[in-house]
Amino acid sequence: PGVTLFTQMSLLGNLTLQSGTLLFKPTSSTKSLALGGGLISIGGNVDASSSNATVIFYGTSAQLIPVGTFTNNINKLQIGNATASVVTINQPVTVASNFTVSSGASCAIGTNDTLTLNGPISGTGVITGSDSSSMIVAGTGTLYFDQSTLGTSNRLRNLKINSSGTVTLGNALNIHGTMTSTTGTLASAGNLILLSDSTGTGRVDQVLGSITGNVTVQRYITAKSARKYSFIGSPVSQSIRNAWQQQIYITGVGTGGTPCGSTAGDGGTTDKYNSNGFDVTITNTPSMYTYVPTPVKGSRYTSVPNSESTNLTPGTGYSVNIRGNRNSPNTTCANQLATSSPLAPEAVTLSATGTLTTGNVTVALNNPSIHAYTLLANPYPSQISYTAFQLSNSITNNKMWTFSPFGNGNYTTFSQGAIVNGATGYDNTHGDYIAIGQAFFVEANTSGSVTFHESHKVSGLIPNTKYFGANTTKTIRVGLMSATNSTLDEILIRYNSEGTRDYNPNWDAITFNNASQVLVSLKGSDKLAIATHPDATVADTSELGLTSKTAGSFTLSFSDVESIGPSQKIILIDKFRGIAEDIRSNPTYAFNITSDTLSQGNKRFLIILGGAKPLPVNFASVTANKSGTAVAVKWLMADQSSISSYSVERSTDGVNFKAIAAVKVTASSTYQVQDTNIPASAMLYYRIRAIGVDGSYKYSNVVKLNTNNLPLATISIYPNPVHDKLKVTLNNGLNGTYKVRIITIAGIVAHSQANVLIDGNELTLDAINLAGGIYMLELTDEKGNKLMDKFVKE
């Protein structure tokens, strides 16, 4: 049910439709449904999809199209006629034919709504968007956006161009989501801006049509607690001076100028830029570098020669000291360039404007006979898949290295679906992303070039802004942690059918790290961040290398071991201390690096992966004897040819043992350890664990030692002298069963009673039958500990 209009209608007042459908189906194209001057309140639908239908909004009052108003297809939509109108579209709407916004009128796209334009576009009125509104344009014409609140009212989440001709931007448009070009041409006319901030970065998906004119590409850089270099690139070509140097200070070699000068020229005595266009400092130390194969003055990082004549090149990676936003009131030349203690860098959004990089991009690699590594950069304004890139460029081995200035100072390594030292949020899935503006190292296996393709672009969400940007079945992730439990470095050891015992360029990745503490997995002399070993059922040994510029306390943290079957032991061997630990049971291992050179280096730690095997070892004897306040634990070996070390373990209950000493294997078969910190326990138990070179181990028999070391209660006897009842109190003592003896001064046992229960620390004995004289009271507990005290019988 509803109302059908076959002819033209003009409405100056209100329109209320509580239910049903208002069907506008005129008999000719000259008829229109003109709505103006009132409030449109429709609970049903307005169907104006007829090929003859035109809907016109006019008048000075804001017109509202609520949810459920129009079907998703309006034939023609005109906003503004005799007077201007403001129309808000609060549902997805498709205009099949002409779309007109007259001068002075406005069409606002509602939250999470999409306006689709399939026909000609006309009028100089504006479209008001937001960060949650989108447009699909299949028609042709010029789009004008509201400029009243720049960066906000002239913003769209997504824009898709699917046109048979050209769509032109008549003024500035900001994209915070995705711009898609499937057919036709988007003529940006210099008005397209890809926004970047802490919540996300605008991108351009695969370009199957074309985008002409300059585009401004932004790249948000998070604030840092201290200066660290960022590895970045640009999707457009523009001079460094006119691009990033407008947002950050960029320094370099040159003559003339004055630090923090007031004029804008180059060189001279008062200009703030030197002869090469850089911001002037006292030393003119460079802050922006490219990476070259042959070292210059001992470094492959070579400063850019000039900021005015040097353009940013898409595909080329740069190392840049991003000092913070030079246009912020908090970041000044004085506190960034003219001080030895600069402020920590604030967040800044870099910006470059030029022709957008689309299509294939070819970049030459360094000659691997000189140096195998090249610093590339993502050339597109879209994140790309490194895996897709590498599949198209087998000239590079399947791994890459990136650097996050927000990490631990070490490089992130990604290889064959595995990542180590990833910034927060980056894992084996997200590690494949190369973000917009992110630079990365690749390793060439032969001379030549790589080519980036539009098909390498991906639409997945980058986890955060810490960078700009197929799991292996069995893995062991090892983290080197500080005393405060912060990650200093990280490596990954994995086991699969592609693994080898020697360096494999397709599955192993060397470490780029050179921080104060570095952890590596070793294959011969190759120091690896990711090492791939054969997935063998027999034991496999991984050697770890460790360097630290300082002594101190550290921890090895083990994770991701759940994929390794429980039948395979995972053992950490510390050859410096002579200790073997089960990694499953002890996922953290604390240790110290000292002045002893053997406490670090390539000879200390091993990880043994393998099945449980009995250790062929024979203990000839094990003894434990108390001497003064210590216990001497001795053992004699009949065969120790397959042993790497021993662990001495102690228990106070014969069940739960704890390692108290580690002993390295020597040429002697006799060993002794002094336990100088024995606990307050009457009975101690000792055993020896022999640790094999392959990580297997075997225990000796347990030896039991009565130390008489338990601090039993002192005895209080009262009354003393006693007449008939002898009352005994165990001060600070233990309840339990005791043997009681009363002994004369001559050593004769006058009374003896076994299994006497003391509860509540008190005991009462009958002394009425004792002859007068001096006696000793002796209490002996179940462990043989004795306590004696003297009393007098009247």
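Residues numbered from 1 in each chain as written. Predicted model: local features only at pLDDT ≥ 70, side-chain atom pairs only at ≥ 80, totals over all residues. Heavy atoms only, no water.

> How should the overall build of the chain be read in this particular structure?
Regarding its fold elements, the chain presents two helices and 70 strands. Looking at the chain as a whole, 52% of its 794 residues are labelled buried. (Helix = DSSP H or I, 4+ residues; strand = E, 2+ residues; numbered from the N terminus. Buried < 20%, exposed > 50% of the residue type's maximum accessible area, 1.4 Å probe, protein only.)

> What exactly am I supposed to notice about the nonpolar core here?
For soluble globular proteins, the rule of thumb is that nonpolar side chains tend to be buried together. If you look at the biggest cluster of nonpolar residues, it comprises 55 residues, and the most contacted ones within it are Phe99, Leu115, Met135, Leu143, Leu159, Trp244 and Met288. Discounting residues that sit within four places of it in the chain, Phe99 has contacts with Leu77, Ile79, Cys107, Leu115, Leu117, Pro120, Ile121, Ser122 and Ile127. Counting residues in hydrophobic clusters, the runner-up holds 25 residues, among them Val478, Ile493, Phe558 and Ile607. (Core = buried A, V, L, I, M, F, W, Y, C linked by side-chain atoms within 4.5 Å. Contact = heavy atoms within 4.5 Å.)

> Just checking my understanding: could you explain the layout of surface pockets for this structure?
The rolling of a water-molecule-sized probe over the atoms marks out the regions of remaining empty space. One number sums up the size of the second largest pocket: a volume of about 300 Å³. Along its surface, the second largest pocket is lined by 14 residues, and Phe231, Tyr301, Tyr411, Phe512 and Asn514 are the ones closest to its centre. Those elements giving two or more residues to the lining of the second largest pocket turn out to be strand 29 (229-232) and strand 33 (299-303). The class makeup of the residues in the lining of the second largest pocket is eight nonpolar, five polar and one charged. (1 Å grid on protein atoms, 1.4 Å probe; cavity = no way out; pocket = protein on both sides within 12 Å on 5 of 7 lines; lining within 4 Å. Points joined across faces, edges and corners; volume = space filled by probe spheres on them. Nonpolar A, V, L, I, M, F, W, Y, C, P; charged D, E, K, R; others polar.)

> Looking at this structure, I do not really get the sheet that holds strand 57 (residues 630-639). What am I missing?
Strand pairing in a sheet takes place through backbone hydrogen bonds and is either antiparallel or parallel in direction. Read across the sheet, three strands follow the order 56-57-60 without closing on themselves; strand pairing throughout is antiparallel. Each edge of the open sheet is held by one strand with a lone partner, namely strand 56 (618-627) and strand 60 (670-675). Direction aside, neighbouring strands of the sheet carry axes that sit 15° apart on average. In the sheet, strand 57 pairs with strand 60 via six bridges, with the strands oriented antiparallel. (Pairing = 2+ DSSP bridges. Axes fitted to C-alpha atoms, helices over the stretch in contact; angles between N-to-C directions.)

> Explanation requested: unusual backbone geometry in the structure shown.
Most of the time, phi is negative for any residue but glycine, and the peptide bond is trans. Cis geometry is found at the peptide bond from Tyr718 to Pro719, where omega equals -15°. Residue position: Pro719 is located in the loop between strand 64 (714-718) and strand 65 (725-731). A cis amide bond links Asn720 to the next residue, Pro721, at an omega of 10°. As for its placement among the helices and strands, Pro721 is situated in the loop between strand 64 and strand 65. We note that Lys297 has phi near 55°; this positive angle belongs to a residue other than glycine.

> What is the right way to look at the pairing of strand 67 (residues 749-758) in this model?
Here is the key point about a regular strand: its side chains alternate between the two faces of the sheet. Examined bridge by bridge, strand 66 (residues 736-744) and strand 67 share seven bridges and lie antiparallel to one another. In the sheet register, Tyr738 faces strand 67, and the bridge partner there is Val756. Hairpin connection between strand 66 and strand 67: a loop of four residues separates the two successive antiparallel strands, and Gly747 in this loop has a positive phi of roughly 90°.

> Got a minute to help me understand the pairing of strand 16 (residues 114-117) in this structure?
Where strand 13 (residues 93-95) and strand 16 come together, three bridges link them in parallel fashion. Counterpart to Val95 in the pairing with strand 16 is Leu117. As defined by bridge partners, strand 16 adjoins strand 19 (residues 134-137) across four bridges and the pair is classed as parallel. Bridge pairing links Leu115 to Met135 in strand 19.

> Looking at this structure, I do not really get the packing of aromatic side chains. What am I missing?
How two aromatic rings sit relative to each other is given by the distance of their centres and the angle of their planes. Applying the stated rule across the entire model yields 28 aromatic pairs. Each ring, one from Phe231 and one from Phe403, has its centre 5.6 Å from the other, and the planes form 40°; the classification is tilted. You can see Phe231 sitting in strand 29 and its partner Phe403 sitting in strand 39 (residues 399-403), a full 172 residues away along the chain. Considered together, Phe231 and Phe403 belong to a single accessibility category, that of buried residues. When the ring of Trp244 is compared with that of Tyr318, the centres are 6.2 Å apart and the planes differ by 90°; the resulting orientation is edge-to-face. Residue Trp244 is found in the loop between strand 29 and strand 30 (263-266), and its partner Tyr318 is found in strand 34 (residues 318-321); the two are separated by 74 residues along the sequence. A residue is classified by how much of its surface remains accessible, and Tyr318, at 2% relative accessible area, is buried. (Phe/Tyr/Trp six-rings, centres within 6.5 Å; stacked < 30°, edge-to-face > 60°.)

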